[in-house]
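As a plain string of letters, each chain reads:
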Amino acid sequence: MVVNKTPLRIGFVSLLLALACAAQDTAIRAAQDTAIRMEGGVFRVAGWQAGAPPAAGWSALLSVYAGVGDIPPLLGTYSVEAGALTFRPRFFLSPGLHVRAVFQPPGGAAREAVFEIPKAAPLEATTRVAHVYPSADILPANQLKFYIYFSAPMGRGDAWHHIRLLREDGSPVALPFLEIAQELWDRDNLRLTVLFDPGRIKRGLASLAEAGPALDPGKRYTLEISRDWLDGRGAVLADEYRKGFRVGPADRAPPEVATWRVTAPRAGKTDALVLHFPKPMDYGLLQHSIAVAGRAGVGGDAAIEGSVAVASDETEWRFTPRQPWTAGAWRIIVQTTLEDLAGNHIGRPFDVDTFDKVTQSVTRETVELTFQVK
């Protein structure tokens, strides 16, 4: 008997074609279901079951680019989590960044997804320049420094882009300050000390001869602090700050405690002891360069506890004790490192023609004043 095998062959071929079409349809559906998702800065390929890594590594399948143009992919780490290929960038994705992720499955068409990293909401500008010292509106031509106090902690490393000294016509003075990289902040980032370039203050130095003084007597200037300066949170300042002042003659006379006037408190009270200076003194140094000791001949050198306030454009130092004053003689101990606005120390000018001998240790010499409490 002869058996016709043609229908069997046709049926088998049809079955193979059907299986191939089904596999292709499944592959198409799988490719269509494959998606790149980003959550919390982490990228995952959903709808594709990751197996063994390819010879070239997972980066041959998934790459993430930050920005546009011909740029290299981001660095990061790959892993397979719950069967999903996962990529974690090494660095934080900045707000406002344009990110493109490309997945190239083996033997399939590449899939691409674009993400926009949301911009952070602008921070409320609340930090202000609280005060600039010296407070006076007449400063010596050899003014040594400014203290800038802020209402909240500031960011570091960008000060010199936001501080300018302007002439009366609005033109900036070129490089008036000593722009050192290690900015002179206090530990809380609330106070910045800004030094004038000493080379434009001291006589006989090349900077003064070539560039001239930063401040000219009789002229008006403005210290300008821009609003774009960022505080410790990354927010701009609430307002621009401007301090105008007039320049007087250079001050090269050292302070002398003999010229200070003392207003003594009353016994049994906690009235303030007041020191009156004939010229403004350095605000920062006034906070810790003067102390009140126990009564003369009683109690030794131990300073009594109390609070210090500086007033009248830094021409008054006020000390209020915690305990009431007792009658008798008291001492005011002044460190000779205390300076006036031009950097002149007690009994010693800032601008000298000779160098002192360098010593191995720093000594704190003091001078004393006495006052009577009645």
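Residue numbering note: each chain is counted from 1, following its sequence as written. This being a predicted model, a pLDDT of at least 70 is required before a residue's local features are given, and a value of 80 or more before pairs of side-chain atoms are given or counted; all residues contribute to the totals for chains, interfaces and linings. Heavy atoms throughout the structure, all of them, feed into the side-chain values; hydrogens and water do not.

Engineer: I keep staring at the packing of aromatic side chains and nothing clicks. Help me out?
Structural biologist: Ring pairs (aromatic) are described by centroid distance and by the angle formed between their planes. Between the rings of Phe, Tyr and Trp (Trp by its six-membered ring), a pair exists once the centres lie within 6.5 Å; its type follows the angle of the planes, with under 30 degrees stacked, over 60 edge-to-face, and the other angles tilted. Counted according to the given criterion, the structure contains 20 aromatic pairs. Centroid distance Trp 185 to Trp 229: 6.2 Å. Interplanar angle 65 degrees. Geometry classified as edge-to-face. Of this pair, Trp 185 sits in strand 12 (residues 184-185) while Trp 229 sits in the loop between strand 14 (220-225) and strand 15 (241-248), and the two are 44 residues apart along the sequence. Relative to Trp 325, the ring of Phe 319 lies with its centre 6.3 Å away and its plane at 65 degrees, an arrangement referred to as edge-to-face. Any residue under 20% of the maximum accessible area for its type is buried, any over 50% is exposed, and the rest in between are partly exposed; the area is computed with a 1.4 Å probe on protein chains only. Here Trp 325 falls in the buried class, since its relative accessible area comes to 2%. The structure contains a cluster of three or more aromatic residues connected by ring pairs, namely Phe 146, Phe 177, Phe 196, Tyr 221 and Phe 245. Lysine and arginine charges are scored as sitting over a ring when NZ or CZ, respectively, is within 6 Å of the ring centre and within 35 degrees of the ring normal. Here Arg 100 stacks its cationic end above the ring of Tyr 65, 4.6 Å away from the centre of that ring. What counts as a helix is a DSSP run of H or I of at least four residues, what counts as a strand is a run of E of at least two, and both are numbered from the N terminus.

Engineer: Hey, could you run me through the pattern of salt bridges in this one?
Structural biologist: A side chain with one charge can pair with a side chain of the opposite charge if their charged atoms come near. The salt bridge definition used is simple: a Lys or Arg side-chain nitrogen within 4 Å of an Asp or Glu carboxyl oxygen. Taken as a whole, this structure holds 15 salt bridges when the rule is applied. Arg 88 is the partner of Glu 81 in a salt bridge, and the nearest nitrogen-oxygen pair spans 2.5 Å. Under the relative-accessibility criterion, Glu 81 is labelled partly exposed at 27%. Salt-bridge contacts for Glu 316 lead to Arg 318; the nearest nitrogen and oxygen are separated by 3.2 Å. Given the relative accessible area of 32%, Arg 318 is considered partly exposed. Three or more residues joined by partner-sharing salt bridges are found here, namely Arg 44, Glu 81 and Arg 88.

Engineer: Mind showing me how you'd approach the sheet that holds strand 16 (residues 261-263) here?
Structural biologist: Two modes of strand pairing occur in sheets, parallel and antiparallel, and in both the strands are linked by backbone hydrogen bonds. Any two strands with at least two DSSP bridges between them are considered paired. One open sheet holds the four strands; their spatial order is 16-17-20-19, and the pairing between them is antiparallel. The strands lining the two open edges of the sheet, one partner per strand, are strand 16 and strand 19 (306-311). With direction set aside, neighbouring strand axes in the sheet form an average angle of 20 degrees. Across three bridges, strand 16 lies against strand 17 (residues 273-276) in antiparallel orientation. Among the inter-strand pairings, Val 262 is bridged to a residue of strand 17, identified as Leu 275. Helix axes are fitted only over the stretch in contact, all axes being lines through C-alpha atoms; the angle between N-to-C directions runs from 0 to 180 degrees.

Engineer: Quick question: what am I supposed to make of unusual backbone geometry here?
Structural biologist: One can expect most non-glycine residues to show negative phi and most peptide bonds to be in trans. Omega for the bond connecting Tyr 133 with Pro 134 falls within 30 degrees of zero, at 10 degrees, which places this linkage in the cis form. Among the structural elements, Pro 134 can be located in the loop between strand 8 (129-133) and strand 9 (138-140). At Asn 189, a residue that is not glycine, the phi angle is positive and equals roughly 60 degrees. Positionally, Asn 189 belongs in the loop between strand 12 and strand 13 (191-195). The class for Asn 189 is buried, based on a relative accessible area of 16%.

Engineer: Even after reading the chapter, I still don't get the sheet that holds strand 1 (residues 35-39), so can you show me in this structure?
Structural biologist: As summarised here, the arrangement of the four strands in space is 1-2-5-4, forming an open sheet in which the pairing is antiparallel. Among the strands making up the open sheet, the edge pair consists of strand 1 and strand 4 (76-81). Adjacent strand axes in the sheet meet at a mean angle of 25 degrees, parallel and antiparallel pairs treated alike. Relative to strand 5 (residues 84-89), strand 4 runs antiparallel, the two sharing six bridges. Its bridge partner being in strand 5, Ser 79 is matched across the sheet by Thr 86.

Engineer: Please explain the environment of Thr 336 as it appears in this structure.
Structural biologist: Structurally, the position occupied by Thr 336 is in the loop between strand 21 (328-335) and strand 22 (366-373). Assessed through its relative accessible area of 17%, Thr 336 is described here as buried. A sequence separation of twelve residues divides Thr 336 from Arg 348, and the C-alpha atoms of the two residues are 8.6 Å apart.

Engineer: Would you mind showing me how to read the nonpolar core here?
Structural biologist: Across soluble globular proteins, you tend to see nonpolar side chains buried next to one another. Membership of the largest hydrophobic core comes to 29 residues, with the highest contact counts inside it found for Phe 146, Ile 163, Phe 177 and Trp 229. When residues of this core are traced back to their parent elements, those giving at least two are strand 8, strand 10 (145-150), strand 11 (163-167), strand 13, strand 14 and strand 15. Contacts were defined at the residue level, with two residues in contact if any of their heavy atoms lie within 4.5 Å. Excluding residues within four positions of it along the chain, Ile 163 makes contact with Ile 148, Phe 177, Leu 192, Val 194, Leu 223, Glu 224 and Trp 229. Nine residue types can take part in a nonpolar core, namely buried Ala, Val, Leu, Ile, Met, Phe, Trp, Tyr and Cys, and a core is a set of them joined through side-chain atoms within 4.5 Å.

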